[in-house]
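Close look at the chain arrangement
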There are 2 protein chains.
Amino acid sequence: MARTREFDLDAAVDAAMDVFRRKGYEGTSMRDLSEATGLGSGSIYAAFGSKDGLYLAVLDLYRQRYATPMVDLLRSGNDPRAVIREVFIGAVDDITGDGRYLSCLIVGASMERAHQDVRVAERLRSTTQSLELALYDLLAEAQLRGQITTDRSATDLAGFLVTSLQGLRVMGAINPDRAALTRYAEVALTCLN
Amino acid sequence: MARTREFDLDAAVDAAMDVFRRKGYEGTSMRDLSEATGLGSGSIYAAFGSKDGLYLAVLDLYRQRYATPMVDLLRSGNDPRAVIREVFIGAVDDITGDGRYLSCLIVGASMERAHQDVRVAERLRSTTQSLELALYDLLAEAQLRGQITTDRSATDLAGFLVTSLQGLRVMGAINPDRAALTRYAEVALTCLN
DNA sequence: GCGGTACTTTGTCGATCGTTCCAGATAGCG
DNA sequence: CGCTATCTGGAACGATCGACAAAGTACCGC
C-alpha cells in the first residue's frame with residue numbers, strides 16, 4: 001500500500017455542498033471549491049474526477065442526509081397527519097434556517113442542471129420518487145383507515161404534497177418568512193381532509 | 001442628429017430570455033447572447049450596459065408577458081374557481097410546452113440570482129406579490145359570497161396557491177408529465193372547498 | 001530502513017469568461 | 001452631397017475558468 005488519504009472525504013463533500021447551495025453549479029469555481037474544502041484542485045480531481053463528479057457526490061450526500069431521514073420519518077408508523085406535518089415543518093425550518101441563504105440543492109439542481117446532465121436528472125427523479133412512494137404508502141394506509149379523504153387517489157395526494165414542498169422552497173428563496181411559509185404548509189395539509 | 005438604432009430592442013430581449021431560460025444566468029455566456037440576439041457584444045453593452053443589465057431587462061419582459069396577463073385574468077371578474085383553474089392549466093401548459101426545456105425564469109432567478117443581486121430579488125418579490133394580491137382580492141370576494149371556504153384567510157389561501165404554482169414548475173423540470181401535473185393542480189384547488 | 005506507491009501540492013495549460021475599444025458603416029442635417 | 005454623430009461587428013483585453021502534469025511527501029510491506 002501507500003500513503004493514506006489525509007482528508008475526510010465526507011467532510012470535503014459537505015463543504016462543497018455548502019458552496020453549491022449558495023452559488024449554484026455554474027456560479028461555483030474550482031477555486032471556490034478548493035478554498036471551501038481546503039484541498040488543492042489536484043486532490044479534488046484525484047478524488048472526484050471532475051467538477052461534475054464532485055457535484056454528483058454532493059447530490060448523493062444531500063439525498064442521504066435530508067431525503068432519506070424524511071422517508072424514514074414517513075415510514076415510522078406514527079400518525080399520518082402528524083408525520084406529514086413534521087416533514088413540512090422540518091422543510092420550513094431548513095429553508096428559513098440560519099439566514100445563510102442555503103437554497104435547496106434539489107430545487108436548484110432541477111432548475112440549473114437537470115436539463116444539462118442526465119445523471120443529475122436521474123438522481124432527482126429517484127429522490128422525488130422515493131419520497132412520493134413513502135407518502136403514497138402512508139396515505140393509502142390512512143385512506144383504508146378512514147383517516148383522510150378518499151376523494152383523491154393516494155398517488156395524486158402524494159404528488160401534490162411533494163409539489164407543495166418544492167413550492168415552499170422556491171417561496172422561501174424569494175421571501176424567507178417562516179410564519180407565512182408555515183401557514184401555507186398548513187393550507188396544503190387541509191387537502192387531506 | 002445621426003444614425004438610428006437598427007435592431008429591435010424587444011426582439012433582442014426576447015431572444016436573450018430564451019437562452020437564459022435554457023441555460024440559466026451563469027451558464028449563459030456573452031457569446032451565447034450575441035449569437036441568440038444576432039448582435040455584436042458592443043451593441044449589447046451599448047444598449048444594456050452589462051450582462052446583468054440584459055438579465056434585468058429579460059426579467060421585466062418576462063413579467064410583462066406572463067405575470068401581467070395572469071393578473072389580468074384573475075381580475076377579469078369571471079368565476080373565481082374557473083379563472084384560478086385556468087391560471088393553473090396555463091402554467092402546466094407553459095411548463096410542458098414544447099419540449100425545449102424552458103424553465104420558469106422566475107423560479108430559476110429565485111434559486112440562482114435572488115441571493116446575489118438585490119435588484120433581481122426586488123423584481124421577484126414584486127412579481128409574486130402582485131400575483132398574490134390579485135388572488136387575495138379574488139378570494140376575499142369569493143369568501144364573502146360563500147363560494148369558497150372561510151376556514152383559512154384569503155391571504156393564506158393566496159400564498160398557498162402561488163406556492164403550488166412554483167412547486168408545479170419545479171416538478172415539471174424534474175418530470176414533465178402533463179397529466180400528473182394537472183392532477184396535482186386539481187388537488188391544490190380542493191383546498192378552496 | 002528502504003523501495004515502492006498512493007496521495008498532496010504546486011504551477012501552468014489552452015480556452016473562455018465579461019468587458020472594452022476601435023475602425024468602418026450608416027443615416028439625419030445643413 | 002459632405003459632415004458628423006451614432007451605431008455596428010469584431011478584435012483584443014486581463015482575468016479566470018476547468019483540467020492536468022510533474023514534483024514532493026508520507027505511509028506501507030518487507
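As a reminder, the structure under discussion sits directly above these lines.
Now for a look at the structure at hand. (Residues numbered from 1 in each chain as written. Chains lettered and ligands numbered in written order. Predicted model: local features only at pLDDT ≥ 70, side-chain atom pairs only at ≥ 80, totals over all residues. Heavy atoms only, no water.)

Some thoughts on the relation of the copies chain B and chain A
- In screw terms, the move from chain B to chain A is a rotation of 180 degrees and a rise of 0.0 Å along the axis, fitting with an RMSD of 0.1 Å. Here the transformation between the copies is reduced to the relation of a two-fold axis. Residue B:Gly167 of chain B places its C-alpha closer to the rotation axis than any other residue of that unit, at 1.8 Å.
- Mapped onto chain A, 100% of the interface residues of chain B are again interface residues, and the two copies thus contact each other with one and the same surface. (Least-squares fit on C-alpha atoms with pLDDT ≥ 70 in both. Contact = heavy atoms within 4.5 Å.)

Regarding the state of the cysteines
- The full count for this structure, using the stated rule, is one disulfide over all chains.
- B:Cys104 forms no disulfide, and the closest cysteine sulfur to it belongs to A:Cys104, at a distance of 16 Å.
- In this structure B:Cys104 comes out as buried when scored by relative accessible area, which is 7%. (Disulfide = S-S within 2.5 Å. Buried < 20%, exposed > 50% of the residue type's maximum accessible area, 1.4 Å probe, protein only.)

Re the nonpolar core
- By size, the foremost hydrophobic cluster in this structure holds 70 residues, and its most contacted members are A:Ile84 and B:Ile84.
- For A:Ile84, the residues in contact, after removing those within four places along its chain, are A:Leu74, A:Leu135, A:Leu138, A:Leu139, A:Leu161, A:Leu189 and A:Leu192. (Core = buried A, V, L, I, M, F, W, Y, C linked by side-chain atoms within 4.5 Å.)

Remarks on the interface of chain B and chain A
- With 43 residues of chain B at the contact, the number on the chain A side is 43 residues.
- Of the roughly 3900 Å² buried between chain B and chain A on both sides combined, carbon and sulfur atoms contribute 67%.
- Contact with chain A buries area across many residues of chain B, yet B:Met111, B:His115 and B:Ile174 alone supply 19% of it, more than any other trio.
- At the junction of chain B with chain A, the criterion picks out two salt bridges.
- Two residues, A:Arg183 and B:Asp156, come together in a salt bridge whose shortest N-O distance is 2.6 Å.
- For the side of chain B that touches chain A, the elements supplying multiple residues, two or more each, are helix H1 (9-23), helix H6 (105-112), helix H7 (118-144), helix H8 (154-174) and helix H9 (178-189) of chain B.
- Take the side of chain B that touches chain A: its biggest share by element is 16 residues, from H8(B). (Buried area = accessible area lost by both parts, 1.4 Å probe. Salt bridge = Lys/Arg side-chain N within 4 Å of Asp/Glu carboxyl O. Helix = DSSP H or I, 4+ residues; strand = E, 2+ residues; numbered from the N terminus.)

Examining the packing of helix H4 (residues 51-74) of chain A against helix H5 (residues 80-95) of chain A
Residues and elements named next belong to chain A.
- One can describe the packing of H4 onto H5 by two numbers: an axis separation of 9 Å at closest approach and a directional angle of 155 degrees. Taken together, the axes of H4 and H5 lie roughly antiparallel to each other. In the packing of H4 onto H5, the handedness of the crossing is right-handed. Residue-level inspection shows Tyr 62, Tyr 66, Met 70, Leu 73 and Leu 74 of H4 in contact with H5, the latter providing Val 83, Ile 84, Glu 86, Val 87 and Asp 94.
- For the contact of H4 with H5, the residue count by class is eight nonpolar, no polar and two charged. (Axes fitted to C-alpha atoms, helices over the stretch in contact; angles between N-to-C directions. Parallel < 35°, antiparallel > 145°, perpendicular 65-115°, else oblique. Left-handed = near helix turned anticlockwise from the far one by under 90°. Nonpolar A, V, L, I, M, F, W, Y, C, P; charged D, E, K, R; others polar.)

Examining the pattern of salt bridges
- One pass over the full model with this rule turns up 32 salt bridges over all chains.
- Notably, a salt bridge pairs A:Asp94 with A:Arg169, separated by 3.4 Å at the nearest N-O pair. With a gap of 75 residues between them, A:Asp94 in helix H5 and A:Arg169 in helix H8 (residues 154-174) connect regions that are remote in the sequence.
- Judged by its relative accessible area of 23%, A:Asp94 is partly exposed.
- Taking relative accessible area as the criterion, A:Arg169 reaches 11% and is therefore assigned buried.
- For B:Asp14, the salt bridge identified is with B:Arg65, shortest N-O distance 2.9 Å. In this pair, B:Asp14 is assigned in helix H1 and B:Arg65 in helix H4 (residues 51-74), connecting sequence segments 51 residues apart.
- Residue B:Asp14 is classed as partly exposed on the basis of its relative accessible area of 30%.
- Exposure remark for B:Arg65: the relative accessible area of 36% places this residue in the partly exposed category.
- Three or more residues are tied together by salt bridges with common partners; here these are A:Glu26, A:Asp52, A:Arg113, A:Asp117 and A:Arg119.

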